[in-house]
Structure formats: C-alpha cells, structure tokens
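Structural features, examined
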Amino acid sequence: MPLLQAVRSDGTLDDISEEQLYRYTRNRWLHVRLLHIILASLLTPHRYNESVQLGERYLKFDFQQLLKAAVSAVSNEGARYCTRVLKCREGLNNKAYILTMDNGSELFAKLPNPIAGPAFYTTASEVATRQFLRDALNIPTPRIIAWCADRNNPVGAEYILEEKAPGRPLGSLWYQWPMHYRLDIIRQIVDIEQKLAATTFTKSGCIYFKGDVPANLSSDLEVPTGVQIHSSVLEPFEIGPLVSSELWHGKRAGMNLHRGPYNEPLEFVEAMAANEKLYITTHARPRMNYHRSLTKSELPDEVLDLLNRYLCLSPAMVPPLGTVDTHSPTLWHPDLHLDNVFVDPDSKKITPSVKPFFYQCGVARMFLCPWTIANENTIPKLPDNYDTLEADERKKIEGDHKTEASYVFYKGLTCRENPRHWAALRLQQQGLEVRTQPSRLVVRVWEDHDVFFLRRALLEIIGQWENLCPDAGPCPVSFTEQELKLHEIEEDSLSDAAEIMRLFRDNWGLPADGMVEPSRFDEIRTAVDELRDSFIAGAEEDAEKAAKIWPYQDQDTDG
C-alpha cells in the first residue's frame, strides 16, 4: 500500500486514509437560500445545501485499479509500483492526485466529480481540446498518457493520467515575486490569448474527437477562410454539445435540450430560453417565494410568460457587428487564475468551450483589480513618501501597487498585441453586460430561484431598447403596473437579505456561496445563528417573513 497524503491549506502535508481520497474536504458550506443577490459583488449561481454539495463531490472508485492503470501507463519507463499518492488541493469539479512511482517518476491523475458535467462528454471533450491546443495552436499543455471517458471500466470512474506539469502553481509564487517577474508571466498569458483569439470557428460548442459524439449532435470542426490551420490538423476533430454542468444537471441529463452546436450567437441565446421552457413545462411545480408573498405561490406559467418575453427581446442580447470581429466562436479559457497556471520558478515559463467571443472573453481573473483605478492608461507609481512609511504600510502599498500595475500592463499589452480581444473588452466597457446578462441568468432560472433577477435584466433591456436596437422599432415587450409593483416588493425584500450577506462578507469573509474553510466553520455558523435570532426578533410583526427570508438555512438544490 502506498503512502497516502493530502496537501493542507497552508501547504503542509497530512497522512490520510483511503476513504479521504474519495471525499471532498477542502471546504464546508453554510446553507444558503439566496441566489443572485442584488449586490453585484455577491452574485452566485446556485443554492447551497452542504450535504448535497459534498455528495456531488464524493467520488468512490477502485483505488487499486487506478494505481494499476497508472503503473501500466509508465511501465516502459521502468515503473513497477506506486509508492506515494498525494491528494492535491481540491477544485470544485475534480479529484486530483500526484502518483509517485518506485523509480521516482510522477504522474498526475484527474478524475471528474459527479457534478463536473455530463458523463463521458466532459472527459472526452477535455482530452480532445487539449490535443487540439497542442497540435493546432502549439500551446503547451501537459501530455496525456492514458485516459478513459467511460466510467464502466475497472477503475469505476472516468480518469485522465498525464505527465505532471513541471513547476509550481503560480499562486505560490505570485505575491512574492518582484514586478518584472509578473510582467514576464503577463506577456506569456497575452501571447496564449492572442493565439486563441486568432483562431475562430464556424460553430459554437465543445471540441471532441470524431466518433465520440452521435452524428445528429455533432458537425465537422471547421474554421473560416483565412484562419491559418491546415485541414489535416482539423480532420481528427468535431464540434459537439457544450459540457457546461448547468445544462446537464439532475433531471436535465435525460432531456433532449439544445446544447449545441450553434450556428449563430442568436441561436445560442434563444436556445438557452427554449431549454428552460422545456424543463419548466416538464418538471416545475407551484412553490412559495417568500420575498414576494407569504400566502400566494409562484407559478411556472409566470416564468414561461417571462421566457416568451425574453425571446421577443433576444435580438438585443447580441451586440451589433463592428469593424473587429467579436462574434465568431472562439476557444477560450473561462477561468484563468493563479492556482491553475503552473510555472517553472527558475525559467518563469508557463506550462499550461467554443462560444461567441463577446460572450466569454474578459480580463483573466488573476489580473483583475478589485478596485477602481484612477488612470488605466498609465502604470501607477509608488507614493513620493513611500520610503518614509512603516514597514507594514509599505508592504500593503507595494502589494496594491503590483495589483494595479499588473492590471494596467495586461490591458495595455492586450490592446497592442491582441486587437480582437481588446475589441471585445471594449464592448464590456460599453455596457455589454446589459445584453449578455439575460442569457446567463436564464439557465436553471427556475431551480436557482432567479426569476426576479431575470425579470430585472429584461427590464434593463426594455429601458435601453432604443439604444440597443435602434433600427428595430418600438420595444415589443412591456410590464404592467401590477407586475412592476410586485417586482418592487420583491426587490425590497431581497435588499434586506443582501445587507445580511454583505455583513458576513465584510466581517467574516463569508462569500455568497456560503463556502468556508473547515477550521472556521463552527465559528461562522455560531455568528450566523446569533444574528439570525436578532434579525427575527427585530422584525417584530414581520417575524414570520424574516424567518423565511433569512438567507442562511437548509435548502434543497431543486425548487
């Protein structure tokens, strides 16, 4: 039996049992009832019930068979057995282990949790996409040595075995590095993004190997005329359904939803609503929405009516064509952050879903600045009195300065080196979110209790219809005075809950999804319970409503 260990939050190692290999242990959840809270900084996409969250991230598999597959994959290098299994710090969607062999070689094993996405397609698409990045775009990704997308194998789970990326996660180095090292990394990221932005496709979806997706759900992977990729490089691949977990979760997995490929951005936007209409018609039942009423149910028919209005407004959800193409489907990394970029600490080299470009591009999360910068066109300077300040104050100012400088340098380099990405970022500065917010909110709108927020997003479009669609004539959708009054009542109630969540965010660092480190769980839960009692008592005659709208309480994920 190999040594079993896990990486703790502080980077140290713990010996663990085999059972702990299968469980999710990085965080715990306080039960959160509220969803897309009115505060923009508190947006979050799901309801949170700890037992459900942990269950969706529990993955039991045949551990010995995984080791056997790994040894077999590298036996030609002299490996005979595995001596250590290191469970890496967990992401929300995958289990990850570093397997050390008796000859010193190492393998990285990745197994998707049940919540990661659709069976088979999630793994098959990842493997094909990474092969495409290596072969077509010469973007370095760790070499995959063995994989299986069919969980009906001896391991009992889908898995990917790949060479261990050399280096360390960038997050372990970023905050200690001087500025010139950061700038080197930013140049490499922008270079990769330029290669991605320069490669467009004719349809949106996910990349697969040919034969992995039924013919009625796939098309040949094609690029427009002018994109410099030889047809022989494209030949092994096809474009098929999106693997976004929200399109496959729960009862959706067995439904005939339109998950792609999509020919045009408008087809994608409209498909998101059509999918919801089918789900709500089939599965939704009347339920209580206590932010709106303590006695009257929220009806599925009301949401179906809202979705019909969404479809009438859908032309406003796609920005007009500009001089630079921001519409063509483009392969992009949706969540680039410090923990999923590996670098060689000596050479500083990186070892690293096709949708309409305007819909998914943005500033890489690792370079975002959480506050407003006075002048985004000039890299800021340290204050004149910097050298006279106390050490702690200098440290904070230097950290803030590096954050601002990284953001400004990234945007400036993108403007100069990647004009297509820059054009899409400019759309965001010009209010692109008003157009794209409805199609983001509409997915799982019933299950996630996001009806209010979708309605609010549609009201934004109605209010700006003439600017968004200047040649389309009068806005085809309106809301009655009674509908607007009910919307206002719900908004006031949600604002109260948002204030509570802001309080816990600012004072306890509790994010809107209720996810906390296990070591702080009891402390924060006690604070939540104490404030809940005060909140209900202070509501006096509205105590019943206060108890029902309190955001941190046990809830099922389906509604």
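Just so you know, these numbers come straight off a predicted model, no measurement behind them.

This part is about the sheet that holds strand 4 (residues 82-87). Judged by pairing direction, the sheet is mixed, and its seven strands sit side by side in the order 2-1-4-5-6-8-7 without closing on themselves. Each end of this open sheet is capped by a strand with a single partner; those strands are strand 2 (13-15) and strand 7 (144-148). Each strand of the sheet is rotated relative to its neighbour by a mean of 25°, with strand direction disregarded. Here strand 1 (residues 3-7) pairs with strand 4 via four bridges, running parallel.

What follows is about the pairing of strand 5 (residues 94-101). Most of strand 5 is tucked away: seven of the eight residues are buried. Bridge count between strand 4 and strand 5: five bridges; the pairing is antiparallel. Paired with K87 across the strands is Y97, a residue of strand 5. Between the antiparallel neighbours strand 4 and strand 5 lie six residues. By the bridge criterion, seven bridges tie strand 5 to strand 6 (residues 106-112) in an arrangement that is antiparallel. Considered in strand 6, the bridge of Y97 is made with A109. Counted between consecutive antiparallel strands, the loop separating strand 5 from strand 6 contains four residues, among which G104 sits at a positive phi close to 90°.

Secondary-structure assignment places R416 in helix 10 (residues 391-417). What makes R416 exposed here is its relative accessible area of 57%. For the pair formed by R416 and V442, sequence separation is 26 residues and the distance between their alpha carbons is 35 Å.

Attention now goes to the layout of surface pockets. Estimated volume of the second largest pocket: approximately 500 Å³. In terms of residue class, the lining of the second largest pocket is built from five nonpolar, five polar and eight charged.

It is worth spelling out the nonpolar core at this point. Grouped together as the largest cluster of nonpolar side chains are 53 residues, with contacts concentrated most on M272, I280, Y310, V442, L454 and I461. Taken together, the elements giving at least two residues each to this core come down to helix 4 (121-137), strand 10 (206-209), helix 7 (265-283), helix 8 (300-313), helix 9 (357-360), helix 12 (432-441), helix 13 (451-463) and helix 14 (465-468). Apart from residues lying up to four places away in sequence, M272 is in contact with L247, H258, Y262, Y310, S439, V442 and V443. Within the second largest apolar cluster, 29 residues are counted, among which are A79, L99, A109 and L111.

Another point: the pattern of salt bridges. Applying the stated criterion to the full structure yields 32 salt bridges. Between E126 and K110 there is a salt bridge, with its nearest N and O atoms 2.7 Å apart. Here the residue E126 occupies a position in helix 4, and K110 occupies one in strand 6, the gap between them amounting to 16 residues. The two residues E126 and K110 agree in class, both being buried. What emerges from the salt-bridge pattern is a single network uniting R252, E276, R444, E447 and D448.

G260 connects to P261 through a cis peptide bond whose omega is 0°. Relative to the helices and strands, P261 resides in the loop between strand 12 (237-240) and helix 7. The backbone of F120 shows a phi angle near 70°, a positive value even though the residue is not glycine. With respect to the element layout, F120 can be found in the loop between strand 6 and helix 4.

Let us look at the side chain of T326. Turning to its location among the elements, T326 is positioned in the loop between helix 8 and strand 15 (329-330). Separated by 3.5 Å, the side chains of T326 and H327 make a polar contact. Excluding residues that lie within four positions of it along the chain, T326 makes contacts with F357, F358, R420, A423, A424 and L427.

Our focus in this paragraph is the environment of L338. Positionally, L338 belongs in the loop between strand 15 and strand 16 (342-343). Remark: the alpha-carbon pair of L338 and Q65, spanning 273 residues in sequence, is separated by 32 Å. The contact partners of L338, leaving out residues within four places of it in the chain, are P169, L170, G171, W174, Y175 and M366.

Take the packing of aromatic side chains next. With the rule as written, the count across this model stands at 20 aromatic pairs. An angle of 35° between the planes, with centres 6.4 Å apart, marks the rings of W147 and F209 as tilted. With W147 in strand 7 and F209 in strand 10, the pair connects residues that are 62 residues apart, well separated along the chain. On the numbers, 5.9 Å between centres and 45° between planes, the contact of W174 with F367 is tilted. W174 sits in the buried class, given a relative accessible area of 2%.

What follows covers the sheet that holds strand 12. If you walk across this open sheet you meet the three strands as 10-12-11, and the pairing is antiparallel. Taken across any chain shown, the strands that pair with only one partner, and hence form the sheet edges, are strand 10 and strand 11 (219-220). Direction of pairing for strand 10 relative to strand 12: antiparallel, over a ladder of four bridges. For I207, the partnering residue across the bridge sits in strand 12 and is I239.

Rules and cut-offs
Residues numbered from 1 in each chain as written. Predicted model: local features only at pLDDT ≥ 70, side-chain atom pairs only at ≥ 80, totals over all residues. Heavy atoms only, no water. Pairing = 2+ DSSP bridges. Helix = DSSP H or I, 4+ residues; strand = E, 2+ residues; numbered from the N terminus. Axes fitted to C-alpha atoms, helices over the stretch in contact; angles between N-to-C directions. Buried < 20%, exposed > 50% of the residue type's maximum accessible area, 1.4 Å probe, protein only. 1 Å grid on protein atoms, 1.4 Å probe; cavity = no way out; pocket = protein on both sides within 12 Å on 5 of 7 lines; lining within 4 Å. Points joined across faces, edges and corners; volume = space filled by probe spheres on them. Nonpolar A, V, L, I, M, F, W, Y, C, P; charged D, E, K, R; others polar. Core = buried A, V, L, I, M, F, W, Y, C linked by side-chain atoms within 4.5 Å. Contact = heavy atoms within 4.5 Å. Salt bridge = Lys/Arg side-chain N within 4 Å of Asp/Glu carboxyl O. Polar contact = N/O pair within 3.5 Å; in protein donor to acceptor, adjacent residues only side chain to side chain. Phe/Tyr/Trp six-rings, centres within 6.5 Å; stacked < 30°, edge-to-face > 60°.

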